[in-house]
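Residue strings, one per chain:
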Amino acid sequence: MISVRRAAAALTAAAAVLSTAATGAASAAPSPSASAAALPPGLYGKGDPTYDGVWRQSLAFLAQRATGYQPADQAVDWLLGQQCADGSFASYRADPAKPCDDTTMRDSNATAVALQALGAVRREAADPTKIDTAVKSGYGWLRGVQNKDGGWSYTPGGPSDANSTSIVVSALAASGVKPGSYTSAEGRTPYDALLALALPCSDEEGPGAFAYQPDKEGRLVANADATAAAVLAGLGKGITAPKATPPQAPTCVDLAEPTVERAALNGASYLAKALVRNGHLSTPPLPGTTDTGAEEKPDFGNTADAVVALAASGTARLAEPALQWLEQNAAPWAKESGPAAYAQLILAARAMEADPREFGKPEKVDLVAALNATGPAPKTPDTSAASTEDEDSFLGFDVWWIIGIGMVVGVGIGFLLSGRKK
């Protein structure tokens, strides 16, 4: 779901025409890049955070909480400082002291994952009240930019896409909110938007999959990235979902009156079949490439996401070969990619009830220690709080008070950008 691949997608889009929402606004230049030497204290990772600073920080928090660690107060303060006054987050703000304005590229994906991460660290945070305020503001902003069809685009103003909608739904679900009750002004739910992007079981190329968005001709094309995200969302799971029981066989079934749960299970069926070919998902050549002989490359991030999605859907058995492939091949990728990659592998291992501290074959890698080493040292692990889905919930206050019926933040930003694409 939702991962290191965001940075690659953003860079690709920026190099093209800024036609996707991964990098910028229609009339504004991207935020200034930050060199490794100028990285702010509290941020995880050493790479340029321009396109993934908030994303990688949030995934690091979620992986740390899932393994019992509490992020350092300095790291939590950095994430809180990235929030705009209207509750939104951009991918990264090099100068948090400068107020957000119409040139700030607000990002629904960064906002949703940051809210889920802040909810996860709230219980042991130095100032829970400050987090409460940030979360209330953030969900107000998301409600204010919800599309008429019930979904979300990467940045406000674009058509809904499966990835962005799913990330928001997963954040809502992890927060204890029923996503199906989170309606647009027209009465549409996020699930309505997702169902509109689900391919039927009769589709020859992607039976049961989800599309990112309709293509230029209005057709739905299977997308593994979108499918992994939508499976978790359709099942009402956060991105730290554990293995579901009892186990079940993945099947694709079209219903006369489709439900989002059934669509999610259909998506799991598609993922299981996609992993059969060589044990992992692959990245096709970038759009526009003229090299017809270019080979597909392994997609570590999406493979890890697919493992989590399959485990959460009760089909963990079919994800075992993919997890084994990750153990054999993914360590160098994570070392090069940084915090979000380590977090993805940790969450995949945890979903399969494997030990992320002994990850890899034949050489073992402690993914948790490697992640913790990319930023401020976290607090001593709390083994009593680790490995529970409740760790994602906002414990201690009423989430409905946060959401508030009618809490609509008027953003007034006419972004003309569509969502994330590979």
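Now for a quick tour of the structure. Being a predicted model, the structure only gives us computed values, none of them experimental.

## Considerations on the nonpolar core
One broad trend across soluble globular proteins is that nonpolar side chains are buried collectively. In terms of nonpolar packing, the biggest core is built from 90 residues, with Leu 79, Leu 118, Leu 271, Leu 326 and Leu 345 touching the most fellow members. Looking at this core element by element, the count peaks at ten residues for helix H12 (residues 339-351). Not counting the four nearest positions on each side in its chain, Leu 271 is found in contact with Ala 224, Thr 227, Ala 228, Val 231, Ala 306, Ala 309 and Leu 310. Leu 194, Leu 197, Tyr 212 and Val 260 belong to the second largest nonpolar core, which has 13 residues in total.

## Here's the deal with helix H8 (residues 224-234)
The element H8 is extensively covered by neighbouring structure, given that eleven of its eleven residues are classed as buried. Sitting at the amino-terminal end of H8 is Asn 223, which places a side-chain oxygen 2.9 Å from the backbone nitrogen of Asp 225. Just past H8, the residue Gly 236 takes up positive phi, approximately 70°.

## Overview of the packing of helix H2 (residues 53-66) against helix H3 (residues 73-81)
Running from N to C, H2 and H3 point in directions that differ by 140°, and their axes come no closer than 10 Å. By the angle class used here, H2 and H3 are oblique. In this structure, the crossing between H2 and H3 has a hand that is left-handed. Residues Gly 53, Val 54, Gln 57, Ser 58 and Phe 61 of H2 form the contact with H3, whose own contacting residues are Ala 75, Val 76, Trp 78 and Leu 79. Of the residues assigned to the contact of H2 with H3, the class counts are six nonpolar, three polar and no charged.

## Here's the deal with the side chain of Arg 93
Mapped onto the elements, Arg 93 comes out in the loop between H3 and helix H4 (108-121). The buried charged residue Arg 93 lacks any salt bridge partner; its closest oppositely charged side chain belongs to Asp 95, at an N-O distance of 6.9 Å. At a separation of 2.9 Å, a polar atom in the side chain of Arg 93 contacts the main-chain carbonyl oxygen of Pro 96. Within the structure, Arg 93 has its side chain in polar contact with the backbone oxygen of Lys 98 (distance 2.8 Å).

## Here we look at the environment of Ala 222
Along the chain, Ala 222 falls in the loop between helix H7 (190-195) and H8. If we skip the residues at most four places from it in the chain, Ala 222 touches Leu 199, Gly 206, Ala 209, Phe 210 and Tyr 270.

## Notes on helix H6 (residues 162-174)
End to end, H6 covers 18 Å across 13 residues, agreeing with the expected 18 Å (1.5 Å per residue, within 8%). Across the 13 residues that make up H6, a large majority, 13, are buried. Where H6 starts, the residue carrying a side-chain oxygen 3.1 Å from the main-chain nitrogen of Asn 163 turns out to be Asp 161.

## Digging into unusual backbone geometry
Thr 245 connects to Pro 246 through a cis peptide bond whose omega is 0°. Structurally, Pro 246 is set in the loop between H8 and helix H9 (260-276). The residue after Lys 361, namely Pro 362, is reached through a cis peptide bond having omega 0°. By the element assignment, Pro 362 lies in the loop between H12 and helix H13 (367-372). The phi angle at Glu 353 is positive, at roughly 60°, despite the residue not being glycine. One can find Glu 353 in the loop between H12 and H13.

Here is what the cut-offs are and how they apply
- Residues numbered from 1 in each chain as written.
- Predicted model: local features only at pLDDT ≥ 70, side-chain atom pairs only at ≥ 80, totals over all residues.
- Heavy atoms only, no water.
- Core = buried A, V, L, I, M, F, W, Y, C linked by side-chain atoms within 4.5 Å.
- Buried < 20%, exposed > 50% of the residue type's maximum accessible area, 1.4 Å probe, protein only.
- Helix = DSSP H or I, 4+ residues; strand = E, 2+ residues; numbered from the N terminus.
- Contact = heavy atoms within 4.5 Å.
- Polar contact = N/O pair within 3.5 Å; in protein donor to acceptor, adjacent residues only side chain to side chain.
- Axes fitted to C-alpha atoms, helices over the stretch in contact; angles between N-to-C directions.
- Parallel < 35°, antiparallel > 145°, perpendicular 65-115°, else oblique.
- Left-handed = near helix turned anticlockwise from the far one by under 90°.
- Nonpolar A, V, L, I, M, F, W, Y, C, P; charged D, E, K, R; others polar.
- Lys, Arg positive; Asp, Glu negative; His and termini not counted.
- Salt bridge = Lys/Arg side-chain N within 4 Å of Asp/Glu carboxyl O.
- Expected span 1.5 Å × (residues − 1).

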